[in-house]
Amino acid sequence: MLTTFGCQMNQADSQRLRGLLAKIGYAETETEEDADLILFNTCCVRQHAEQRLIGRIQSLINHKKRNANLIIGVSGCMAQNMQAEMLEALPLVDLVFGPNDIEELPLLLQKAANGKTLGSFVSKGSFDGDTADGIILSRPFSAMVNIIRGCTNFCSYCIVPYVRGPEVSRPMPELKAYISDLAASGVTEITLLGQNVNAYGRDIGLEEGFTQLLEMIEEIDGIRWVRFMTSHPRDFSLAAIKRIARLRKVCEQYHLPVQSGSNHVLELMKRGYSREKYLALVDAVREHISNACLSTDIICGFPGESAEDFNDTLELVAKVRYESAFMYYYSPRPGTEAAKMADQLSEEEKKDRLARLIELQNSISLEESRKLVGRDYEVLVESAAARDKNDLVGKIRSGRSVNFSGDKSLIGRYVRVRIEQARNWTLSGKLLPPEGA
Ligand code: SF4
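No experiment lies behind these values; they were computed from the predicted model shown.

Calculation criteria
- Residues numbered from 1 in each chain as written.
- Predicted model: local features only at pLDDT ≥ 70, side-chain atom pairs only at ≥ 80, totals over all residues.
- Heavy atoms only, no water.
- Helix = DSSP H or I, 4+ residues; strand = E, 2+ residues; numbered from the N terminus.
- Expected span 1.5 Å × (residues − 1).
- Buried < 20%, exposed > 50% of the residue type's maximum accessible area, 1.4 Å probe, protein only.
- Axes fitted to C-alpha atoms, helices over the stretch in contact; angles between N-to-C directions.
- Parallel < 35°, antiparallel > 145°, perpendicular 65-115°, else oblique.
- Left-handed = near helix turned anticlockwise from the far one by under 90°.
- Contact = heavy atoms within 4.5 Å.
- Pairing = 2+ DSSP bridges.
- Core = buried A, V, L, I, M, F, W, Y, C linked by side-chain atoms within 4.5 Å.
- Phe/Tyr/Trp six-rings, centres within 6.5 Å; stacked < 30°, edge-to-face > 60°.
- Lys NZ or Arg CZ within 6 Å of the ring centre and 35° of its normal.
- Nonpolar A, V, L, I, M, F, W, Y, C, P; charged D, E, K, R; others polar.
- Domains from an automatic or database assignment.
- Lys, Arg positive; Asp, Glu negative; His and termini not counted.
- Salt bridge = Lys/Arg side-chain N within 4 Å of Asp/Glu carboxyl O.
- Polar contact = N/O pair within 3.5 Å; in protein donor to acceptor, adjacent residues only side chain to side chain.

## Digging into helix H1 (residues 8-23)
Working step 1: With 16 residues, H1 should reach 22 Å at 1.5 Å per residue; the first-to-last C-alpha distance of 23 Å fits that figure.
Working step 2: Among the residues of H1, Met 9, Asn 10, Ala 12, Asp 13, Ser 14, Gln 15, Arg 16, Leu 17, Gly 19, Leu 20 and Leu 21 are the ones counted as buried.
Working step 3: Following H1 by one or two positions, Gly 25 has its phi on the positive side, about 95°.

Here it is, written out as structure tokens:
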């Protein structure tokens, strides 16, 4: 049984883990009781996730007593970051390995089965063995593709560069072969992933590598929609936006994490751009990409954030009018520069600012969603809806989810839907007959 925490990079790593496990004879179980291997693919970006995981592992003590063959493993960023502590503090855990050591899993499992408690941290940061037939997709028509691993930005609050190592881009010819194989197997939508996709190719001597990559994918038959995340505003050039605007497969979904609307805080965060530069980027996206859907990440209550700084963030949010935002209050990550900064805000103050920010963003999200009512969209049908299994859920090009009634045979197909109702982020609508029918 494999449980994934955290970002889409982790979801993509889980695709790979599932593939490797299937190759050596493991099949996914529904419950922990039935499992001989319980693997947690973890994230360490937020402390909350660590506490949740520790609780989950401790609750497995009875399973471990009942099943002598049960192997408990932890992979991902938290595993990399807390390798020694984890093996020492959680005696139930048999194996711990980082995100760059996924290929070692079959070997580690063999050793763990022989009763050894293991940690593996080769951290070579490569894409060795990452082939299209080595993954198991949760949806056979949609795949996540890691194009660059690691990060060299060292934003002052972030643990990722320490855990995932420096940027390593996957060579373009390999990506071409990989994505062509995915397309041949029936995948029509891909999401390109990296901590900073705009840095793609920088480490392998490519100028404007990310744009070149998108232009290459535009030519691959079978791929209809291409999404990407995460973009770094500092590295997203205006020239790139103009070139991307010409590519019809690239969806109009732009996740541009701003983190703060205050220049003072952006400097403390070491984000490498100013509020003005960020707003110029937003203007360029809106000017060149029609119907662009903008989303963002915001941290409020960063050390040293004054009331005025926070107001700058509120003002920026009101100005940009994001369709959605991931909003957090700052929580210190040991080992980062920001954790040692003076002027840490109280929990109460951070929570109060977050509540105000969420209230503002929710009202904007709803207003923006309502603008879509009455319009027709192409939708990739993803699955049965979670709440009502008779309904389907799909995504439009800009990334918004739409619920509508329809037959399950439509899953994986592209259909047209008229939007009839809008909530904050989710839409509902009715299925239209195919065009020309
Ligand atoms: S760009 Fe900054 S926030 Fe994003 S992963 Fe790199 S260091 Fe962390």
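## Here's the deal with the packing of helix H13 (residues 307-320) against helix H14 (residues 347-370)
Working step 1: The N-to-C vectors of H13 and H14 enclose an angle of 10°; their axes lie 10 Å apart at closest approach. Considered as vectors, H13 and H14 are oriented roughly parallel to each other. H14 is crossed by H13, and the crossing has right-handed handedness. Seen from H13, the contacting residues are Ala 307, Phe 310, Asn 311, Thr 313, Leu 314, Val 317 and Ala 318; seen from H14, they are Arg 353, Arg 356, Leu 357, Leu 360, Gln 361 and Ile 364.

## Considering the sheet that holds strand S10 (residues 225-229)
Working step 1: Read across the open sheet, the three strands follow the order S6-S9-S10; overall the sheet is parallel. With one partner strand each, in any of the chains shown, strand S6 (142-146) and S10 form the two edges of the open sheet. Here the strands of the sheet are splayed against their neighbours by 20° on average, with no regard to which way each runs.
Working step 2: As paired strands, strand S9 (residues 189-193) and S10 are joined by five bridges and run parallel to one another. Each residue of the ladder has a partner; that of Glu 189, found in S10, is Trp 225.
Working step 3: Taken strand by strand, helix H8 (residues 172-184) contacts S6 and S9, and its axis lies near 170° from that of S6.

## Considering the nonpolar core
Working step 1: In terms of nonpolar packing, the biggest core is built from 59 residues, with Ile 147, Ile 190, Leu 192, Leu 213 and Tyr 254 touching the most fellow members.
Working step 2: Phe 5, Leu 53, Ile 57 and Leu 70 belong to the second-largest nonpolar core, a separate cluster that totals 23 residues.

## Observations concerning the packing of aromatic side chains
Working step 1: One pass over the full model with this rule turns up 10 aromatic pairs.
Working step 2: Ring centres of Trp 225 and Tyr 414 lie 5.0 Å apart, and the angle between their planes is 80°; this geometry places the pair in the edge-to-face category. A residue pair is termed long-range when its members are at least 10 positions apart, and Trp 225 in strand S10 and Tyr 414 in strand S17 (residues 414-422) qualify at 189 residues. The exposure classification of Trp 225 matches that of Tyr 414, with both residues buried.
Working step 3: For the pair Phe 228 and Phe 236, a centre-to-centre distance of 6.3 Å together with 65° between the ring planes defines the contact as edge-to-face. No difference in accessibility class separates Phe 228 from Phe 236, as the two residues are buried.
Working step 4: Here Arg 170 stacks its cationic end above the ring of Tyr 178, 4.3 Å away from the centre of that ring.
Working step 5: The ring centre of Tyr 414 lies 3.9 Å from the NZ or CZ of Arg 224, which sits over that ring.

## Quick word on the packing of helix H12 (residues 275-288) against H13
Working step 1: Where H12 contacts H13, the two axes come as close as 12 Å, and the packing angle between them is 10°. When the interaxial angle is binned, H12 and H13 end up roughly parallel. Taken together, the residues of H13 that come into contact with H12 (itself represented by Arg 275, Tyr 278, Leu 279, Val 282 and Arg 286) are Asp 312, Glu 315, Leu 316, Lys 319 and Val 320.
Working step 2: Looking at side-chain class alone, the contact of H12 with H13 contains five nonpolar, no polar and five charged residues.

## Some thoughts on the sheet that holds strand S14 (residues 376-384)
Working step 1: Taken in spatial order, the five strands line up as S14-S15-S16-S18-S17 and close into a barrel, and their pairing is mixed. Pairs of neighbouring strands in the sheet enclose a mean axial angle of 50°, with direction left out of account.
Working step 2: The pairing of strand S16 (residues 401-405) with strand S18 (residues 427-432) spans two bridges and is parallel. Paired with Val 402 across the strands is Leu 427, a residue of S18.

## Points about the domain arrangement of the protein chain
Accessible area lost when the parts come together is the quantity often used to give the size of an interface.
Working step 1: For the protein chain, the domain assignment lists domain 1 (2-120), domain 2 (132-370) and domain 3 (376-432).
Working step 2: Computed from C-alpha coordinates alone, the two centres of domain 1 and domain 3 are separated by 34 Å.

## With respect to the side chain of Asp 391
Working step 1: Note that Asp 391 resides in strand S15 (residues 391-396).
Working step 2: There is no salt bridge for the buried Asp 391, and the closest opposite charge comes from Arg 423, which lies 7.8 Å off by N-O distance.
Working step 3: A distance of 3.2 Å separates the side chain of Asp 391 from the side chain of Ser 405, its partner in a polar contact.
Working step 4: Aside from chain neighbours lying at most four places away, what touches Asp 391 is Ser 383, Ala 384, Ala 385, Phe 404 and Ser 405.

## Thoughts on the pattern of salt bridges
Working step 1: Summed over all chains, the structure comprises 24 salt bridges.
Working step 2: Across the pair Asp 13 and Arg 164 runs a salt bridge, and its minimum N-O distance is 3.5 Å. In this pair, Asp 13 is assigned in helix H1 and Arg 164 in helix H7 (residues 160-164), connecting sequence segments 151 residues apart.
Working step 3: Since its relative accessible area comes to 3%, Asp 13 is described here as buried.
Working step 4: Assessed through its relative accessible area of 4%, Arg 164 is described here as buried.
Working step 5: The salt bridge involving Arg 224 is made with Glu 378; its shortest N-O contact spans 2.5 Å. One end of the pair, Arg 224, is in the loop between helix H9 (209-218) and S10; the other, Glu 378, is in strand S14, with 154 residues separating them in the sequence.
Working step 6: Since its relative accessible area comes to 39%, Arg 224 is described here as partly exposed.
Working step 7: The class for Glu 378 is partly exposed, based on a relative accessible area of 26%.

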